Amino acid sequence: MDEHDSHQFDFELPNVGRGGETVQCCELFADSDSLLVVLLGSHYCSRSRELVRALSERNDAFRRRATTVVPVLPDIRERARLWDRQYDLPFPMLVDPATDGDSEPASERDDTDTFETFGPLQQSVASLPAVALCRPEDDGLRVVATATEAEQDVPVVESLLGFLDRHRTADATSTGNTPVDSRSGRRRAPRRPRGPL
């Protein structure tokens, strides 16, 4: 991710997964040192559903890396609750539909794929679903690396774990990181040894 693509966020958003009815940014770091924010395409996006299901099934691997997975749906809470019921989410799932100026958020009739709080981050990625690795800052969270689901190798979860391992140990003060070369599977920076999965 280029330096000009770095974003910072501080928010409180509705939550339908693990945790309270709303989640503040700082609460997401209660028992982890990084977040994997997953920007979903829409309520009806089959690729987004497959990704969330896979992340739910392998959540323990992310927890062992002190990373909280946080999907964000650009839709209303009622639709997001269906995801929690279908996939028994082991992590928070935030709701962040865009509003039109001062109007209300998306209605039940709307099919939106645009974020409000995470709108600037959405504009910096090529397509959805996408992921962003984030670390805590004094005033919220800072995005340190991004990748789209389409850039990840198969199986996607293994590719995302590699994405985490490449970037998790980067200098916390750095705003730019070595680009992810997920198509070739090559790491462009040395990878520190990790404990067994």
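## What about helix α3 (residues 77-87)?
Item 1. Arg79, Ala80, Trp83 and Tyr87 are the residues of α3 that are buried. The arc enclosing the buried residues of α3, seen along the axis, measures out at 100°, which places them on a common side.
Item 2. In the core, the buried residues of α3 are packed alongside α1 (46-57), β5 (67-73) and β6 (94-95).
Item 3. Two residues or fewer past α3, Asp88 is found with a positive phi of approximately 50°.

## Details of the pattern of salt bridges
Item 1. According to the stated counting rule, one finds eight salt bridges in the structure shown.
Item 2. Of the charged contacts in the structure, one is a salt bridge between Arg142 and Glu137, with a shortest N-O distance of 3.0 Å.
Item 3. Judged by relative accessible area, which is 5%, Arg142 ranks as buried.
Item 4. It is possible to trace a salt-bridge network through shared partners that takes in Glu21, Arg77 and Arg81.

## Regarding the state of the cysteines
Item 1. Scanning the entire structure with this criterion turns up zero disulfides.
Item 2. Between Cys25, a free cysteine, and Cys26, which holds the nearest cysteine sulfur, the sulfur-to-sulfur gap is 6.7 Å.
Item 3. Assessed through its relative accessible area of 1%, Cys25 is described here as buried.

## Things to note about the packing of aromatic side chains
Item 1. Inspection of the entire model under this criterion finds three aromatic pairs.
Item 2. Within the aromatic cluster, the residues linked to one another by ring pairs are Phe9, Phe11 and Phe118.
Item 3. Arg49 extends its terminal NZ or CZ atom over the ring of Trp83, reaching a point 4.7 Å from the ring centre.

## Some words on the sheet that holds β6
Item 1. Pairing in this open sheet of six strands is mixed, and the strands run β1-β8-β7-β4-β5-β6 from one edge to the other. Each edge of the open sheet carries a strand with a single partner, namely β1 (8-9) and β6.
Item 2. Here strand β4 (residues 34-39) pairs with strand β7 (residues 130-137) via five bridges, running antiparallel. Within β7, the residue paired with Val38 across the bridge is Val131.
Item 3. In the packing of helix α5 (residues 156-168) onto the sheet, contacts are made with β4, β5, β7 and β8 (140-148), and the angle to β7 comes to roughly 35°.

## So, empty space enclosed by the protein
Item 1. A complete count under the given rule lists one cavity of 30 Å³ or more for this structure.
Item 2. Considering only enclosed or pocket space, the largest cavity measures out at about 30 Å³ in volume.
Item 3. Together, Leu51, Pro129, Ala130, Val131, Thr148, Glu149, Gln152, Val156 and Leu160 line the largest cavity.
Item 4. Elements supplying a minimum of two residues to the lining of the largest cavity: β7 and α5.
Item 5. Partitioned by chemical class, the residues of the lining of the largest cavity number six nonpolar, two polar and one charged.

Procedures and definitions
Residues numbered from 1 in each chain as written. Predicted model: local features only at pLDDT ≥ 70, side-chain atom pairs only at ≥ 80, totals over all residues. Heavy atoms only, no water. Buried < 20%, exposed > 50% of the residue type's maximum accessible area, 1.4 Å probe, protein only. Helix = DSSP H or I, 4+ residues; strand = E, 2+ residues; numbered from the N terminus. Arc of directions from axis to C-beta. Contact = heavy atoms within 4.5 Å. Salt bridge = Lys/Arg side-chain N within 4 Å of Asp/Glu carboxyl O. Disulfide = S-S within 2.5 Å. Phe/Tyr/Trp six-rings, centres within 6.5 Å; stacked < 30°, edge-to-face > 60°. Lys NZ or Arg CZ within 6 Å of the ring centre and 35° of its normal. Pairing = 2+ DSSP bridges. Axes fitted to C-alpha atoms, helices over the stretch in contact; angles between N-to-C directions. 1 Å grid on protein atoms, 1.4 Å probe; cavity = no way out; pocket = protein on both sides within 12 Å on 5 of 7 lines; lining within 4 Å. Points joined across faces, edges and corners; volume = space filled by probe spheres on them. Nonpolar A, V, L, I, M, F, W, Y, C, P; charged D, E, K, R; others polar.

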